[in-house]
Amino acid sequence: MKKYLLSLFFLCSLIVYGQAQIAVTGTVTDDQNLPLPGVNVVMKSNPSQGTITDVDGKYSLEVTEGETLVFTFIGMKSQEVPVLNQTIINITMESAFIGLDEVVAVGYGVQKKSDITGAVASVNAEVLDGQPVASAATMLQGRASGVMVTETSGAPGSGLSVRIRGTGTVNNSSPLYVVDGILLDDIGFLNPSDVANMEVLKDASATAIYGSRGANGVILITTKTGSTADSKVQLEVSGGVQEVWNKPNLMNSEDWLDTYNISQMNAAKFTGSSAYKPLNLQAPSDNLMRTTNWFDEVVRTGKVYKANATISRGDEKSNSLISAGYFQNEGIVLNSMYERFNARINNNYFIGDKWEAGFNIAVSHEETDAITGNAINGILTLAQRMDPLTPVYQDNGEYASTPYSDLGNPVAQLNRDVYKDKELSVLARAYVQFEPINNLFFKTAVSLNMYRDKSKTYYPAYDYGNELRAVNNISKTYSDTDGILTENTINYIFSREKHNLSLLGGFTAEQTKYEYLGASRNNVPNDIEELQYISASADIESTNAWNSGTDVRMYSYLARVNYDYADKYFLTASFRRDGSSVFGPDKRLGSFPSMSLGWKLRNESFMDWLSYDVVNRIKVRAGWGRVGNAKIPPYSFTSTVQTKDSRVEYSYVFGGQEQPGAAPVRMANTEVQWETVESTNFGIDMAFLGDKISLSADYFIKETKDMLVQVPIAQYAGYDGSPYVNAGNVENKGFEIDLGYRGKIGSDLKFALNVNASHVKNEVTDLGGGQPIYGGSVSLVGSVTRTMEGLPIGSFYGYEVEGVFQTDEEVANSPQSADPIGAGDFRFKDQWTDKDNDGVLEEPDGVIDANDRTMIGNPIPDLFYGINLDLEYKNWDMSVFFQGIQGNDIFNGFKYYNYADYKRFALTEDYKKHWTPQNGSNSMFGLNAATTEYNLKQSDFYIEDGSYLRLKNLQIGYTFRDVAPWLSSVRLYFSGQNLLTFTSYSGLDPEIGGGTLSQGVDYGTYPQARTYSFGASVNF
């Protein structure tokens, strides 16, 4: 018996010896061969046993032979490595590619991308590294399918227009931004360098958890936090220059005078009137040998600077990050400038096993020196309308003024008038989370949003001879916004065998108070800045003041369930009930449910006939949901009155004495209620060749119901404004495709190619029997967009040009015979019309009038897309990014401003193409000062193809690694923006933003700049 026991003991000893602990050491680096401190290295069989890498990326761990080590690090893909009999295991971790196993934010929580059932797009902030851009929203342009981002202007500090899956309403169509849990309507203040990643929630099944705030989509932004055990310091600086990439080809003085005189002589001959005469040259604008290119005079070489500093650290007990940033852009137009300072602190604490707490504070200060904006009096429009005969300065050094029109000297205006704006934003959020039992979490968070804005406009008095302002004027405005949001949620996670369940419930309450104050007065005693105050003037009679405010409140209940079975079948369902003070007491509550399903088809056994080496993932998704929209001015449910407006002060006469009074502003509509957006989404996600190739495709239908619109009422009703009513439906439907390929050539060359494309068809399906909605007002032309049933929102509206009359006889026999026009003028099409509104079109009536206006263009593109290529070769890296849109129209308002001024043409090419009896042009009308206005009605003459393809960014960098024991890397780079633009559009820039009803209308928009910059990023 003893022999058996001894033998058994000896055998057990051999087994134990065979599983003896061995020491494994190694180094963990990133894909650029930089050491990664703070990487978690644990045993798969016992995750509580492990270590973290030191400042040099090194680790040491006692493990059992046959164990598997798991390496995880924030922003890197996790890896599992069998130990076998190895004693040295070095790991290179791949950077934060948002793959199907990455965790992304989904609203009040996170979820593996491979488990998401809604339509969610992810963009990593690395795409903006080294780019001198002011707005973090720029990272979405061309990089997230279904998201159309357009620069509203190239002016420093200008905003962006963001549309997710089309325009769903004639009101505010901008998405909701959620920055670290704080709900915002704009992120222009945010430092792009602070952003870690963005998630775009596109369909209602994903956005419904945000209820009424999610009708236009939701963009979740997560800022950076500390992630390494030892302190990490990162510095980045860059500087560059900007230039105008496209200049108009303006006339010289001789051509301009020739054009003017021919136009006058033709008019005199056509009318027989002596009122039309050749130009009488006057000083200082009488030298034909001198040509002033006013566009060149108002533009300059711009400058852009950026600097950021970040200090961070993190371990299992806490993580923290402090950052500071500076950005300055001196624009390509004289005296346009934007400057911003940012500071941020993010702290999170893990207290024992049960508690977690944290806070973040962000401060931003912005200053903007603006210029006169778009439209007929905008600087860039004025620079093309001003005659080239007039010099910038007189011989005595004073500014010159033209004797031929009432146009002002644009250079003088830029150097004289003051448009300053200062903004202060403070965001703060604190939270506490408690886990009383395993997987049950209680979380409370409080967010504060404070915004202050003050602006100053100062017009000094001046006299340049033909141009003067006798009295100066100062005006100032102040606005305060204070928001507070409280969120209380409970979350329970349950897992057993193949079942995984997550439950979320919560209550939120929000209040936003806003106040606006403005005043103006004439006759400030001096132009110096120290006296630019309202009280510095004694001209009390010229005082004008205005003050207003709002108080909007909302409370909400929310719930969500996530369930999956066997990593094959997935269900997400959510419900939110909102109450908003925007609506009346009986209409304040709205309910917003959603549900989505997912099926990992590739995980089914019947799909095993497919090789995993070829097709490794297939998931199909379907979702439905309903969300609300309350983005209209508050108090629309009740009548409002005021004592004055910008045009008139209300007063009444009683007993021969004038008494102060008030007048109604808006008619009450107690029935106004939620605008709702209902969407359905079908999608598929696939991956091939071990995730080297990824494909996602979605088809969606998004319908806006009970659209909130202002319905015009008769003036005799006595109201100054139109009431809001629920009258209209809009449908957006389309598809999105994302395709990616990542690979290597040899051991040193790595590449990633990503392409995305989106198509959205927009149609107004119902306006509740109401009248069409007009918009896109162009000075002296009128409204050029019309929103009506059966057409897209903001469709261009006007006459169709069929050609040019070649003889006076053709005019006499045409529907335009009653107009005082002749040979060389436009021929407009006589349309089939429904004058009696019975729904039946009648034949052309032989008369050209307002009824012959029709849809002449669509500002919504057929396709918008992005192409991104990233290359890495040893220490070199390069990124090439193209962005474009196809199939959209632009209303080129520049044409009117150029052609209407003194009945002449302003652009050289157009001058050469104008109609004459000899060339018989059928596309450009002739020179006749008496008939020009008849040719400049809103028509498809202004409509141009707005398609473009733009090299949005090119960046080349080189990284020096392990420079010194205290200096881990230095990266030097060149970055270029808007280097190439391919377009047939004749205006300054085809990237035209605008409001919902004025999208695609070019009023003389400040163009995008071509930028060249150099920078350095240093890591300590």
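Residues numbered from 1 in each chain as written. Predicted model: local features only at pLDDT ≥ 70, side-chain atom pairs only at ≥ 80, totals over all residues. Heavy atoms only, no water.

Explain the overall build of the chain to me, using residue names and the numbers behind them.
A count of helical and extended segments in the chain gives 10 helices and 55 strands. By the compact-globule yardstick of 31 Å for 1020 residues, the chain fits well, its C-alpha radius of gyration being 33 Å. For the chain, the spread of C-alpha atoms along the principal axes amounts to about 135 × 65 × 65 Å. In the chain, which comprises 1020 residues, the share counted as buried stands at 51%. Put simply, of all contacts in the chain between residues at least 6 apart along the chain, 69% involve residues at least 24 apart. (Helix = DSSP H or I, 4+ residues; strand = E, 2+ residues; numbered from the N terminus. Rg over C-alpha atoms; globule rule 2.2 N^0.38 Å. Buried < 20%, exposed > 50% of the residue type's maximum accessible area, 1.4 Å probe, protein only. Contact = heavy atoms within 4.5 Å.)

Got a sec to walk through the sheet that holds strand β16 (residues 218-223)? Specific residues and values, please.
An order of β10-β15-β16-β13-β14 is seen for the five strands of this open sheet, with the pairing classed as mixed. At either margin of the open sheet sits one strand with a lone partner, and together these are β10 (120-124) and β14 (182-184). The average angle at which neighbouring strand axes cross in this sheet is 20°, direction not considered. Two elements, β10 and strand β15 (residues 195-201), share five bridges in a ladder whose sense is antiparallel. Residue S122 lies in a different strand from β15, and its bridge partner there is E199. (Pairing = 2+ DSSP bridges. Axes fitted to C-alpha atoms, helices over the stretch in contact; angles between N-to-C directions.)

Give me the lowdown on the pattern of salt bridges, citing residues and values where you can.
Enumeration over the complete set of coordinates arrives at 35 salt bridges. Among the salt bridges present, the one from E671 reaches K587, with a minimum N-O distance of 3.4 Å. Taken together, the residues span a long stretch of sequence, with E671 in the loop between β35 (663-666) and β36 (675-688) and K587 in the loop between β29 (569-580) and β30 (589-600) at a distance of 84 residues. E671 sits in the partly exposed class, given a relative accessible area of 47%. Judged by its relative accessible area of 23%, K587 falls in the partly exposed class. With a shortest N-O distance of 3.1 Å, R617 and D691 are connected by a salt bridge. One end of the pair, R617, is in strand β31 (residues 615-629); the other, D691, is in the loop between β36 and β37 (693-705), with 74 residues separating them in the sequence. The exposure classification of R617 matches that of D691, with both residues buried. (Salt bridge = Lys/Arg side-chain N within 4 Å of Asp/Glu carboxyl O.)

Any chance you could break down the nonpolar core for me, citing the residues and the numbers?
Residues V298, V333, V778, F891 and L936 are the most contacted members of the largest nonpolar core, which totals 52 residues. Elements supplying a minimum of two residues to this core: α4 (294-298), α5 (379-385), α6 (410-416), β46 (826-828) and α8 (894-900). Top contributing element to this core by residue count: α8, with five residues. If we skip the residues at most four places from it in the chain, L936 touches Y896, Y899, A900, F925, F941 and Y942. Formed by 26 residues, the second largest nonpolar core is a distinct cluster that contains V162, I182, F189 and A362. (Core = buried A, V, L, I, M, F, W, Y, C linked by side-chain atoms within 4.5 Å.)

Quick one: what's the story with the sheet that holds strand β50 (residues 889-892), residue by residue and with numbers?
The sheet built from three strands is open, its strands ordered β51-β50-β54 with mixed pairing. Every interior strand has two partners, whereas the edge strands, β51 (943-945) and β54 (1001-1002), have only one. Of the strand pairs in this sheet, β50 and β54 are connected by two bridges, and their pairing is parallel. Looking at the pairing, F891 lines up with V1001 of β54.

Give me the lowdown on unusual backbone geometry, citing residues and values where you can.
The residue after A283, namely P284, is reached through a cis peptide bond having omega 5°. Mapped onto the fold, P284 is located in the loop between α3 (253-271) and α4. We note that D567 has phi near 55°; this positive angle belongs to a residue other than glycine. Within the secondary structure layout, D567 lies in the loop between β28 (544-565) and β29. Positive phi, normally seen in glycine, also occurs at Y635, with a value near 70°.

Break down the environment of E62 for me, citing the residues and quoting the values.
Looking at where E62 falls in the secondary structure, it is placed in strand β4 (residues 58-64). Measuring from C-alpha to C-alpha, the distance between E62 and R626 comes to 54 Å, with 564 residues separating the pair along the chain. The residues touching E62, leaving out its near neighbours within four places in the chain, are Q21, I22, A23 and M43.

Got a sec to walk through the pairing of β30? Specific residues and values, please.
Here β30 shows a clear split, with G590, F592, S594, S596, G598 and K600 buried on one side and none of L589, S591, P593, M595, L597 and W599 buried on the other. With 11 bridges connecting them, β29 and β30 associate as antiparallel partners. Its bridge partner being in β30, R577 is matched across the sheet by S591. Two strands pair when backbone bridges link them, and β30 and β31 are joined in this way by seven bridges, in the antiparallel orientation. Its bridge partner lying in β31, K600 is registered against K619.

If you had to explain α3 to someone new, which residues and values would you point to?
An ideal rise of 1.5 Å per residue puts 27 Å on 19 residues; α3 measures up with 27 Å between its terminal C-alpha atoms. Looking only at α3, the buried set comprises S253, W256, L257, T259, Y260, N261, S263, Q264 and A267. Tucked into the core, α3 has its buried residues touching α9 (908-913). Positive backbone phi, at 75°, marks G272, one or two positions downstream of α3. (Expected span 1.5 Å × (residues − 1).)

Any details on a nonpolar patch on the surface? Residues and values, ideally.
Together, F682, Y699, F735, I737, L739, Y741, L753, V755 and I867 line one region of the surface with nonpolar side chains, adding up to about 730 Å² of accessible area. Along the chain, the position of Y741 falls in strand β40 (residues 729-745). Owing to a relative accessible area of 35%, Y741 belongs among the partly exposed residues under this scheme. (Patch = residues over 30% accessible without salt bridge, like charges linked within 9 Å, V, L, I, M, F, W, Y side chains within 5 Å. Areas by Shrake-Rupley, 256 points an atom, 1.4 Å probe, with all protein chains shown as cover.)

Got a sec to walk through the side chain of S318? Specific residues and values, please.
Mapped onto the fold, S318 is located in strand β19 (residues 318-330). Note on S318: relative accessible area 15%, which makes it buried. Those residues in contact with S318 that sit more than four places away from it in its chain are R313, N348, Y349 and F350.

Outline the confidence of the model for the chain, supporting the account with residue identities and numerical values.
For the chain, the average pLDDT comes to 87, and 93% of its residues sit at 70 or higher. For residues 1-18, every residue scores under 50 in pLDDT, and the model assigns this stretch one contact once sequence neighbours within four places are set aside. (pLDDT = per-residue confidence, 0-100.)

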